Amino acid sequence: MSGHAPPPSSPESLVSALRAAGCVFAEDEAELILSTARTPAEAAAMAERRAAGLPLEHVLGWAAFRGLRIAVEPGVFVPRRRTEFLVGQAARLLPPRPVVVDLCCGSGALGVALVAGLDAFELHAADVEPAAVRCARRNVVPAGGHVHEGDLFDPLPAGLRGRVDVLLANVPYVPTGEVGLLPAEARTHEPRVALDGGADGLDVLRRVTAEAPRWLAPGGRLLFETTERQVADAADAVARSGLTATVARSEELFATVIIGALPV
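Residues numbered from 1 in each chain as written. Predicted model: local features only at pLDDT ≥ 70, side-chain atom pairs only at ≥ 80, totals over all residues. Heavy atoms only, no water.

Caption draft 1: The overall build of the protein, seen in detail. Regarding its fold elements, the protein presents 10 helices and nine strands. The contacts of the protein with a sequence gap of at least 6 include a subset with a gap of at least 24, amounting to 60%. (Helix = DSSP H or I, 4+ residues; strand = E, 2+ residues; numbered from the N terminus. Contact = heavy atoms within 4.5 Å.)

Caption draft 2: A look at helix α1 (residues 11-20). Considered for burial, the residues of α1 that qualify are S13, L14, V15 and L18. In this structure, the buried side of α1 is in contact with α2 (26-36) and α3 (40-51). Taken from the residues just after α1, G22 is the one with a positive phi, measuring 95°. (Buried < 20%, exposed > 50% of the residue type's maximum accessible area, 1.4 Å probe, protein only.)

Caption draft 3: Molecular detail of the pairing of strand β5 (residues 146-149). As paired elements, strand β4 (residues 122-127) and β5 share four bridges and run parallel to each other. Looking across to β5, one finds that A126 is bridged to H148. With respect to chirality, the unit in which β4 leads through helix α7 (residues 130-140) into the neighbouring parallel β5 is right-handed. (Pairing = 2+ DSSP bridges. Right-handed = clockwise from strand over helix to strand, strands pointing away.)

Caption draft 4: Structural detail: the side chain of T256. You can see T256 is positioned in strand β9 (residues 255-261). Within the structure, T256 has its side chain in polar contact with the side chain of E228 (distance 3.1 Å). (Polar contact = N/O pair within 3.5 Å; in protein donor to acceptor, adjacent residues only side chain to side chain.)

Caption draft 5: Inspection of the sheet that holds β4 at higher detail. Taken in spatial order, the seven strands of this open sheet run β5-β4-β3-β6-β7-β9-β8, and their pairing is mixed. This sheet does not close on itself; its edge strands, each paired only once, are β5 and β8 (244-250). Between one strand axis and the next, the sheet turns by 20° as a mean value, whatever way the strands run. Sheet contacts for α7: β4 and β5; angle to β5, the most-contacted strand, approximately 175°. Docked against the sheet, helix α9 (residues 203-215) engages β3 (99-103), β6 (164-169) and β7 (216-226), running at close to 165° with respect to β7. (Axes fitted to C-alpha atoms, helices over the stretch in contact; angles between N-to-C directions.)

Caption draft 6: Spatial organisation of unusual backbone geometry. Look at R97: it is not a glycine, yet its phi comes out positive at around 50°. Counting through the fold element by element, R97 comes out in the loop between α5 (84-91) and β3. Of note in the backbone geometry, F254 takes a positive phi value of approximately 50° without being a glycine. F254 gets classed as exposed once you look at its relative accessible area, which sits at 74%.

What is shown is where atoms sit, not what they do.
If you want it as structure tokens, here you go:
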């Protein structure tokens, strides 16, 4: 047997196939595929899809986020590791029994990660994309939360107005003209609505900041990611809505988060 090629689902053959396709972390990815696949044939098929350019998380059916396995599906935005910083900032602001809303929720990763380990909370997540809503229900409902389909605040229960302690808004913030410069995995396999933030990348954010004060509880916080070059304009949008803006940065994760606080 020693002269024969290894079976297509062996670690060696998976690593070779992934490396040939340009996967930089071929060994790590092969390990994840083998730990997720139920059969050798499934492992080989997963490696084939990955080699064809499908994002690893869509191949696996899950993404790692703050120690959790978050279900993801083709056509749904994959939570980024840098966004763990946003959730960490929000976790420091949680009151007892918090009311949490995850807008532009995608898979629902942010809200689920934020309430993980809490005994008492109220969690709502919303997205305009039907595929994202279906995926979010797989993550948010078992965690004890609710998922709503619609544009930004529109589908949220009216009873949440003035009660939200932490509003997570992972809004798209890539300027329209730069979407084409994103990695192919994002451009091809994630919904454009989750990436394209309009001419300067802040269109959706301005809509969120304009309405956020009506939904936040006194002392409640709005948190969102942005890029360093957008900080001044994003903070201005927060201030115009009557919220007080502070900026948090993680050099390790290359993350910039703005926190808007509603005065008590």
